[in-house]
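Each chain, letter by letter, is given below.
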Amino acid sequence: MSSSTATRTVRRRTLRIAAAALIAAAGLSLTACSGSDSTATKPAASAGASSADSSTGAQGSDAKVDTKAGTADKAASPTRTETLVDGSTAEIYKLGDLHYRLKIVNDGAVLATLEAKEGDAGLDGNGMFVVLTAGGEVHSWMGGEQRGPGTFKLAGGWTAKVTKLGDLHYRAEILGNEGSVDGTLEADQHDDGLEANGVHIVLSAGGVISAHET
């Protein structure tokens, strides 16, 4: 892992996900949007994120039903589609420069929506972790969960120090080889995630962290 660093802005994403939506998929859309605030220095990495806690079954740290989610895209065709690791379909829409939306669809039902605007977005959907980058790349994986608080070794040589700040509020400092804080994830009611040097990381609002190297 390179020692050179570049300053990036890590943006919070909001995931609104209905309880049991990913297993029931009752036609309700769930929305995850990127927000912004914390600044991180990463070695040649891109940053961002959001997601939900695998311990809640429905993966909904913010279990609000949004029946309007996705309606704006009904007349639009996705830029492309991809198959996620659990067999569901990701529909990717380009909304602008560094601005993408992803819909997770199964049997014609929209299970969740992610929006990455000038930062990555991610979710923990019933144990399937998904990251959508601001450049429109999609990565999904299963497994590798570790539950904070605590310090954990991640894929790609990263270390994560996960701290509980409150109910459904966790922070993960992503540490480099020399112990420097090279990135920060903050899941406050909503999951957070990022992509760093080919390693995708998701932190849920329930304190679950998982990473996968491409």
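Right above here is the structure, for reference.
Since the structure is predicted, the reported quantities are computational estimates derived from the model, not experimental observations. (Residues numbered from 1 in each chain as written. Predicted model: local features only at pLDDT ≥ 70, side-chain atom pairs only at ≥ 80, totals over all residues. Heavy atoms only, no water.)

Which residues make up the overall build of the chain, and what are the values?
Secondary structure assignment for the chain yields one helix and 19 strands. In the chain, which comprises 214 residues, the proportion classed as buried is 53%. Taking as baseline every contact in the chain between residues at least 6 positions apart, the subset at least 24 positions apart corresponds to 56%. (Helix = DSSP H or I, 4+ residues; strand = E, 2+ residues; numbered from the N terminus. Buried < 20%, exposed > 50% of the residue type's maximum accessible area, 1.4 Å probe, protein only. Contact = heavy atoms within 4.5 Å.)

Report on the pairing of strand β17 (residues 192-196), specifying residues and quantitative values.
Within β17, five of the five residues are buried, leaving the element largely enclosed by the surrounding structure. Alignment of β17 against strand β18 (residues 199-203), held across five bridges, turns out to be antiparallel. What sits directly across from G193, in β18, is V202. Once β17 ends, the chain turns through two residues before running back antiparallel as β18, passing N197 with a positive phi of about 55 degrees. (Pairing = 2+ DSSP bridges.)

I'd like to hear about the pattern of salt bridges, residue by residue, with values.
Applying the stated criterion across every chain yields a total of three salt bridges. Residues R171 and E186 are paired through a salt bridge, measuring 2.9 Å at the closest nitrogen-oxygen approach. With R171 in strand β15 (residues 169-175) and E186 in strand β16 (residues 181-188), the pair connects residues that are 15 residues apart, well separated along the chain. A residue is classified by how much of its surface remains accessible, and R171, at 31% relative accessible area, is partly exposed. (Salt bridge = Lys/Arg side-chain N within 4 Å of Asp/Glu carboxyl O.)

So, the packing of aromatic side chains: which residues are in play, and what are the values?
Aromatic ring pairs: the centre-centre distance and the angle between the two ring planes describe each pair. This model, assessed by the stated rule, comprises one aromatic pair. Ring geometry for F129 against W141: centres 5.6 Å apart, planes inclined by 20 degrees, an arrangement best described as stacked. In this pair, F129 sits in strand β10 (residues 128-132) while W141 sits in strand β11 (residues 138-142), placing the two residues twelve residues apart along the sequence. Exposure remark for F129: the relative accessible area of 0% places this residue in the buried category. (Phe/Tyr/Trp six-rings, centres within 6.5 Å; stacked < 30°, edge-to-face > 60°.)

Tell me what's going on with the sheet that holds β11, and back it up with residues and numbers.
Paired through backbone hydrogen bonds, the strands of a sheet run either parallel or antiparallel to each other. On the basis of which strands lie adjacent, the open sheet formed by three strands has the order β9-β10-β11 and antiparallel pairing. This sheet does not close on itself; its edge strands, each paired only once, are β9 (121-125) and β11. Looking at each pair of strands side by side, their axes are set apart by 15 degrees on average, direction ignored. Pairing analysis gives five bridges linking β10 to β11, with the strands arranged antiparallel. Across the sheet, V131 pairs through a bridge with H139, a residue of β11. (Axes fitted to C-alpha atoms, helices over the stretch in contact; angles between N-to-C directions.)

I'd like a rundown of the sheet that holds β18, residues and numbers included.
Reading across the sheet, the four strands line up as β12-β19-β18-β17 and stay open at both edges, with antiparallel pairing between neighbours. Taken across any chain shown, the strands that pair with only one partner, and hence form the sheet edges, are β12 (146-147) and β17.

If you had to explain the side chain of E195 to someone new, which residues and values would you point to?
By the secondary structure assignment, E195 is in strand β17. Judged by relative accessible area, which is 13%, E195 ranks as buried. There is a polar contact of 2.6 Å between the side chain of E195 and the backbone nitrogen of G198. (Polar contact = N/O pair within 3.5 Å; in protein donor to acceptor, adjacent residues only side chain to side chain.)

Can you tell me about the side chain of E115, naming the residues and giving the values?
Along the chain, E115 falls in strand β8 (residues 109-117). Side chain to side chain, E115 and H99 meet in a polar contact 2.6 Å long. Of note is the side chain of E115, whose polar atom sits 2.6 Å from the side chain of R101.

Explain the nonpolar core to me, and be specific about the residues and the numbers.
Nonpolar side chains in soluble globular proteins generally cluster together in the buried interior. One finds L154, V162, A172, I174, I201, L203 and I209 to be the most contacted residues of the largest nonpolar core, which totals 18 residues. Look past the residues within four positions of I209 in its chain and what remains in contact with it is G144, E145, Q146, F152, L154, A160, V162, A172, I201, V202 and L203. (Core = buried A, V, L, I, M, F, W, Y, C linked by side-chain atoms within 4.5 Å.)

Report on the pairing of β8, specifying residues and quantitative values.
With eight of its nine residues buried, β8 lies for the most part within the structure. If you look at the hairpin formed by strand β7 (residues 99-106) and β8, you'll find two residues sitting between the two strands, and D107 has a positive phi there, around 55 degrees.

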